[in-house]
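Listed below, chain by chain, are the residues.
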Amino acid sequence: MKHALVTGGAGFIGSHLIDKLLAEGWKVTNIDNFDNFYDRTIKEENIKGHFDYNNYTLIEIDIRDFDALKEKLTGDYDVIVHLAAKAGVRPSIEDPITYQEVNVKGTQNLLELAKNLGVKQFIFGSSSSVYGINPNVPWKEDDHVLMPISPYASTKVSGELMGHVYSHLYGIRFIAVRFFTVYGPRQRPDLAIHKFARKIIEGEPIPIYGDGSSRRDYTYIDDIIRGIRSAMDYDRTIYEVINLGNNHTISLLEMVKALEEALEIKAKLEFLSPQPGDVPQTWADVEKAKEILGFIPNISYKEGIRRFIEWFNNHMNHKKFLV
Ligand code: NAD
């Protein structure tokens, strides 16, 4: 039985990955500190099905604490999938030091652990934000002009570079997967689709930063999980950086319209000035992911929104999670 160590496995993306791994018969160790970025009970809900499996272990631990990691994590892991992070662009501007400690030091701690335990495969949850304001879209991995414009984005660049060091020195295969705005059931409550859906239902105005023309390459969670899963099996080269996106952009106003249609409620819009750290567009070239991981995103935005709203209507206590 293969053993995966997943960090941040109580969160949005991590909990979906663990669903898949357990269903495939993997042994899974999840480490998460239930960081207070959003409500702990949401994360407990994400992972409650995992306890039905005997081969699942949850260890509540902070990835900044290297001594605790060394003490508690002594398993024979085939792969580490490192998804734990302080996420979010705007909050990273408020608290850059904590982002640095969790995302950079925390990542290095996990790489050290991989080195000490002899783990030979390391998947790193990176982000489209590393491209920043690079105007050459769609963004390709071999475009070395990274122009991060937030502390969060710079921590992801650091993680990718540190991974190169460990792959070079210690032969740890390091695959950075750059996620492009992930959405779907269990989406983080701070992210626009989830936040806007709640506000529309509550009859509250939606903040539109800028004129609503900013564009995002929204990627459905099931597509992302298939990409991560393929990266876990990838064994041809020792270091890769791979975009996982949808290769299709949607403007902010189009996104709101799709939500209005799915909820059958008209949104109230409040136009505000653009936020520092926000990029005008994200757009993934996914040719490399297709070539080396066989990755083809196949959930359309319309279908993804339909599935998100179905989950949203069934699972959330909207008022409780209003952030
Ligand atoms: P999430 O916040 O839902 O999940 C992250 C998890 O990490 C949480 O459960 C949190 O408790 C845990 N965590 C935070 N700090 C920790 C610490 N110090 N020690 C241990 N655990 C800690 O976020 P997500 O949306 O699932 O994102 C997962 C990863 O993907 C993150 O690395 C994020 O930066 C990256 N990412 C996400 C998106 C997206 O659109 N969701 C886009 C690009 C990159």
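Now for a description of the structure that goes with this document. (Residues numbered from 1 in each chain as written. Predicted model: local features only at pLDDT ≥ 70, side-chain atom pairs only at ≥ 80, totals over all residues. Heavy atoms only, no water.)

1. Considering the layout of surface pockets
Selection rule: A pocket here means an open set of points on a 1 Å grid, computed over the protein atoms alone, that has protein on both sides within 12 Å along at least five of seven lines. A cavity is instead a set of points where a 1.4 Å probe fits but cannot get out; residues with an atom within 4 Å of a point line either one. Grid points are joined across faces, edges and corners, and a volume is the space filled by probe spheres set on the points. Helix and strand labels come from DSSP, where a helix needs a run of H or I of at least four residues and a strand needs a run of E of at least two; each type is numbered from the N terminus.
Of the volumes computed, that of the second largest pocket is approximately 330 Å³. Considering the residues around the second largest pocket, the lining is formed by 15 residues, among which Glu141, Asp142, His144, Arg178 and Val241 are closest to the centre. Looking at the lining of the second largest pocket, the elements with two or more residues in it are helix H6 (151-170), strand E11 (239-244) and helix H10 (287-293). For the lining of the second largest pocket, the element with the most residues is E11, which contributes three residues.

2. Regarding H6
Selection criterion: To estimate the expected span of a helix, count its residues, drop one, and scale the result by 1.5 Å. With a 1.4 Å probe rolled over the protein chains alone, any residue whose accessible area is under 20% of its type maximum counts as buried; one over 50% counts as exposed, and the rest are partly exposed. What makes two residues a contact is simply this: any of their non-hydrogen atoms within 4.5 Å.
Between its first and last C-alpha, H6 extends 28 Å over 20 residues, near the 28 Å set by a 1.5 Å rise per residue. Taken as a whole, H6 has its buried residues at Tyr152, Ala153, Thr155, Lys156, Val157, Gly159, Glu160, Met162, Gly163, Tyr166 and Ser167. Packing partners of the buried residues in H6 comprise helix H4 (90-94), helix H5 (96-117), strand E5 (121-127), strand E6 (173-179) and E11.

3. Notes on the environment of Gly163
Structurally, the position occupied by Gly163 is in helix H6. For Gly163, a relative accessible area of 0% gives the class buried. In this structure the C-alpha to C-alpha distance between Gly163 and Ser92, which are 71 residues apart in sequence, comes to 22 Å. Residue contacts for Gly163: discarding those within four places in its chain leaves Leu111, Phe174 and Tyr239.

4. Observations regarding the sheet that holds strand E1 (residues 3-7)
Heads up, the condition is: Paired strands are those between which DSSP finds at least two bridges. Whenever a helix is involved, its axis is fitted only over the stretch in contact; in every case the axis is a line through C-alpha atoms, and angles between N-to-C directions fall within 0 to 180 degrees.
Spatially, the seven strands line up as an open sheet ordered E3-E2-E1-E4-E5-E6-E11, and their pairing is parallel. Two strands bound the open sheet, and with one partner strand each, they are strand E3 (56-60) and E11. The average undirected angle you get between the axes of adjacent strands in this sheet is 15°. Looking at chain direction, E1 and strand E4 (residues 79-82) are connected through four bridges and run parallel. Bridging across to E4, Thr7 finds its partner in His82. In this fold H6 packs onto E5, E6 and E11, with an angle of close to 160° to the strand it touches most, E5.

5. Regarding the nonpolar core
Using the following cut-off: What we call a nonpolar core is a set of buried Ala, Val, Leu, Ile, Met, Phe, Trp, Tyr and Cys residues that are connected through their side-chain atoms within 4.5 Å.
By size, the foremost hydrophobic cluster in this structure holds 66 residues, and its most contacted members are Ile13, Ile228 and Met232. In this view, Met232 contacts Ala4, Leu17, Leu21, Trp26, Val79, Val81, Gln121 and Ile123; residues no more than four positions away in its chain are not counted. Grouped together as the second largest cluster of nonpolar side chains are 27 residues, Tyr77, Ile80, Val119 and Val241 included.

6. Some thoughts on the site of the ligand
The line we're drawing: Throughout, near means a residue has at least one heavy atom within 4 Å of the molecule or strand. Side-chain atoms alone can form a polar contact between residues adjacent in sequence; in general such a contact is a pair of N or O atoms within 3.5 Å, and within protein one must be able to donate a hydrogen while the other accepts it. Surface accessibility in these figures is a Shrake-Rupley result with a 1.4 Å probe; residues are shielded only by whichever protein chains are displayed. Following the grouping adopted for this structure description, the nonpolar residues are Ala, Val, Leu, Ile, Met, Phe, Trp, Tyr, Cys and Pro, the charged ones are Asp, Glu, Lys and Arg, and the polar ones are all others, Gly among them.
Residues in contact with the ligand amount to 28 residues; listed here are only the nearest, Asp32, Tyr38, Lys43, Tyr152 and Val182. The separation between a nitrogen atom of the ligand and a polar side-chain atom of Asp62 is 2.9 Å. Across the complex, the protein chains shield 97% of the 820 Å² of accessible surface that the ligand would expose by itself. Those elements giving two or more residues to the shell around the ligand turn out to be helix H1 (12-23), E5 and H6. Here the shell around the ligand is built from residues that sort into 15 nonpolar, seven polar and six charged.

7. Some points on the pattern of salt bridges
Between side chains of opposite charge, pairing is possible as soon as their charged atoms come close. To keep things clear, this is the line we draw: Think of a salt bridge as a Lys or Arg side-chain nitrogen and an Asp or Glu carboxyl oxygen that are within 4 Å of each other.
A complete count under the given rule lists 26 salt bridges for this structure. The residue Glu254 makes a salt bridge to Arg215 at a minimum N-O spacing of 3.5 Å. Separated by 39 residues along the polypeptide, Glu254 in helix H9 (residues 252-263) and Arg215 in strand E9 (residues 215-216) bring together distant segments of the chain. Overall, the relative accessible area of 41% leaves Glu254 in the partly exposed class. On the accessibility criterion, Arg215 (28% relative accessible area) is partly exposed. Residues Arg229 and Asp233 are paired through a salt bridge, measuring 3.1 Å at the closest nitrogen-oxygen approach. With Arg229 and Asp233 both in helix H8 (residues 221-233) and four residues apart, this pair spans about one turn of that helix.

8. Some details on the pairing of E6
The side chains of a regular strand alternate between both faces of the sheet. With respect to burial, E6 is a largely interior element, seven of its seven residues being buried. Residues of E6 alternate between two faces, with Arg173, Ile175, Val177 and Phe179 on one and Phe174, Ala176 and Arg178 on the opposite face, all of them buried. Taken together, the seven bridges between E5 and E6 define a ladder with parallel strand orientation. When the sheet's bridge partners are listed, Ser126 is paired in E6 with Arg178. Sheet topology note: the E6/E11 ladder contains six bridges and is parallel. The residue bridging Ala176 from the neighbouring strand is Val241, located in E11.

9. Describing helix H2 (residues 40-47)
Operational definition: The arc in question is the one traced by the directions running from the helix axis out to the C-beta atoms.
For H2, the set of buried residues is Ile42, Lys43, Asn46 and Ile47. Looking straight down H2, one finds its buried side chains confined to an arc of 125°; they lie on one side. Against H1, strand E2 (27-32) and E3 lie the buried residues of H2.

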